[in-house]
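Here is how the chains run, residue by residue.
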Amino acid sequence: EISACLVGSEMCIRDRLLPWVNVFDQSSFETLLCRSVLPKLVSSLREIQINPNNQENINVLQCILYWTQLIPSIPTVHIVYLWVGEFFPKWLRVLYTWLYSDDVDFNEVSIWYSGWKGLFPVLLVEDVRVTECFALALELMEARLDGDDLSRFLGRLEALESEDYYSLIEQYKTVQRAQRRLEVLQAETNQAYSIPTTGTTTAVSYTHLRAHETGRN
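Residues numbered from 1 in each chain as written. Predicted model: local features only at pLDDT ≥ 70, side-chain atom pairs only at ≥ 80, totals over all residues. Heavy atoms only, no water.

**Looking at the overall build of the protein chain**
Along the backbone of the protein chain there are twelve helices and zero strands. Its helices and strands in sequence order give the protein chain the pattern α-α-α-α-α-α-α-α-α-α-α-α, from N to C terminus. Out of the 217 residues belonging to the protein chain, those deemed buried represent 34%. Taking as baseline every contact in the protein chain between residues at least 6 positions apart, the subset at least 24 positions apart corresponds to 73%. A total accessible area of about 13300 Å² is found for the protein chain, and carbon and sulfur atoms account for 53% of it. (Helix = DSSP H or I, 4+ residues; strand = E, 2+ residues; numbered from the N terminus. Buried < 20%, exposed > 50% of the residue type's maximum accessible area, 1.4 Å probe, protein only. Contact = heavy atoms within 4.5 Å. Areas by Shrake-Rupley, 256 points an atom, 1.4 Å probe, with all protein chains shown as cover.)

Written out as structure tokens, the structure is:
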């Protein structure tokens, strides 16, 4: 039933999925979506062809974007890496190729860029990883306008293309596990070196010290 909502209307997702948020605890709901939904969203994005002359896939992409409604029930990182790993490398490569074409119309490119950016909800646009992808697109456009050689951007494009949703999520989980181990190690170290305190004080009070010094005089 959940899979049937993958590519549908906003109403379908709102009416058939959002009520489940209050049925499951967050961990169980996240597991359910990661197992049943995200792999299908990945497949859908991989099948989409981006063509500036044919925007027929916009509706499908908008349906996938509707899944941001499930944040924070599904952590933002999953949605972000879905787009950073499966959409932006392809989108940036299309832009790169388009800018190299002899008949490129920079006004059309600007409208195309703004239109795509406008599709994304603020929650994603403000994420630093998504921001970096849009920033790279602007760098490509500005460099082409200035007559610069775009080949200097190939390394960054290829680095993005070498990753996908699954590899990005695995890297994220590896970092999270390392951070948790470090926190446990620090806690154990602090406990091992802590000095136990007792109810008996070993300090000599100022009054006794004063009396002792007086007696010596």
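**Things to note about the pattern of salt bridges**
For the coordinates displayed, the defined rule picks out seven salt bridges. Between R156 and E139 there is a salt bridge, with its nearest N and O atoms 3.0 Å apart. Within this pair, whereas R156 is found in helix α10 (residues 154–161), its partner E139 is found in helix α9 (residues 128–145), the two being separated by 17 residues in sequence. For E139, a relative accessible area of 31% translates into the label partly exposed. (Salt bridge = Lys/Arg side-chain N within 4 Å of Asp/Glu carboxyl O.)

**As for helix α3 (residues 38–47)**
Taken as a whole, α3 has its buried residues at L38, L41, V42, S44 and L45. Along the axis of α3, the buried residues cluster in a sector spanning 165°; they form a single face. In this structure, the buried side of α3 is in contact with α2 (26–36), α4 (58–65), α5 (76–86), α6 (88–100) and α11 (165–192). (Arc of directions from axis to C-beta.)

**Considerations on the nonpolar core**
Residues L82, W83, F87, F88, W91 and F120 are the most contacted members of the largest nonpolar core, which totals 56 residues. Discounting chain neighbours no more than four positions away, the residues touching F87 are I50, L61, L82, W116 and F120. (Core = buried A, V, L, I, M, F, W, Y, C linked by side-chain atoms within 4.5 Å.)

**Examining a negative patch on the surface**
Residues D102, D103, D105 and E108 make up a contiguous surface patch of negative charge. Within the secondary structure, E108 is located in helix α7 (residues 106–119). (Patch = residues over 30% accessible without salt bridge, like charges linked within 9 Å, V, L, I, M, F, W, Y side chains within 5 Å. Lys, Arg positive; Asp, Glu negative; His and termini not counted. Charge placed at Lys NZ, Arg CZ, Asp CG, Glu CD.)

**As for the confidence of the model for the protein chain**
The predicted coordinates ought not to be read in detail in places where the model reports low pLDDT. Of the residues in the protein chain, 79% reach a pLDDT of 70 or more, and the chain-wide mean stands at 81. Confidence over residues 199–206 falls short of pLDDT 50; this stretch has one contact with residues more than four positions distant or in other chains. (pLDDT = per-residue confidence, 0-100.)

**Some points on the side chain of E86**
Position of E86 among the secondary structure elements: in helix α5. The class of E86 is buried, set by a relative accessible area of 7%. Of note is the side chain of E86, whose polar atom sits 2.9 Å from the backbone nitrogen of Y165. Ignoring any residue separated from it by four or fewer positions in sequence, one finds E86 in contact with V42, L45, R46, Y81, D164 and Y165. (Polar contact = N/O pair within 3.5 Å; in protein donor to acceptor, adjacent residues only side chain to side chain.)

**Some words on the packing of aromatic side chains**
Taken as a whole and judged by the stated rule, the model has 19 aromatic pairs. Ring plane angle 25° and centroid distance 6.2 Å describe the contact between F87 and W91, whose orientation is recorded as stacked. Classification of F87 as buried rests on a relative accessible area of 2%. Note on W91: relative accessible area 0%, which makes it buried. Between W91 and W112 the ring centres are 5.3 Å apart and the planes differ by 15°, which places this aromatic pair in the stacked class. Highlighted residues: W91 in helix α6 and W112 in helix α7, separated in sequence by 21 residues. Overall, the relative accessible area of 5% leaves W112 in the buried class. (Phe/Tyr/Trp six-rings, centres within 6.5 Å; stacked < 30°, edge-to-face > 60°.)

**Details of the environment of Q62**
By the secondary structure assignment, Q62 is in helix α4. Taking the relative accessible area as the measure of exposure, Q62 reaches 27% and is therefore partly exposed. With 57 residues separating them along the chain, Q62 and L119 place their C-alpha atoms 7.3 Å apart.

**Focus on α9**
Taking 1.5 Å of rise per residue, 18 residues should cover 26 Å, and α9 covers 25 Å from first to last C-alpha, within 8% of that figure. Taken residue by residue, α9 has V130, C133, F134, L136, A137, L140, M141 and A143 as its buried positions. The inward-facing, buried residues of α9 abut α5, α6, α7, α8 (122–125) and α10. With its phi angle positive at about 80°, G147 sits one or two positions after the end of α9. (Expected span 1.5 Å × (residues − 1).)

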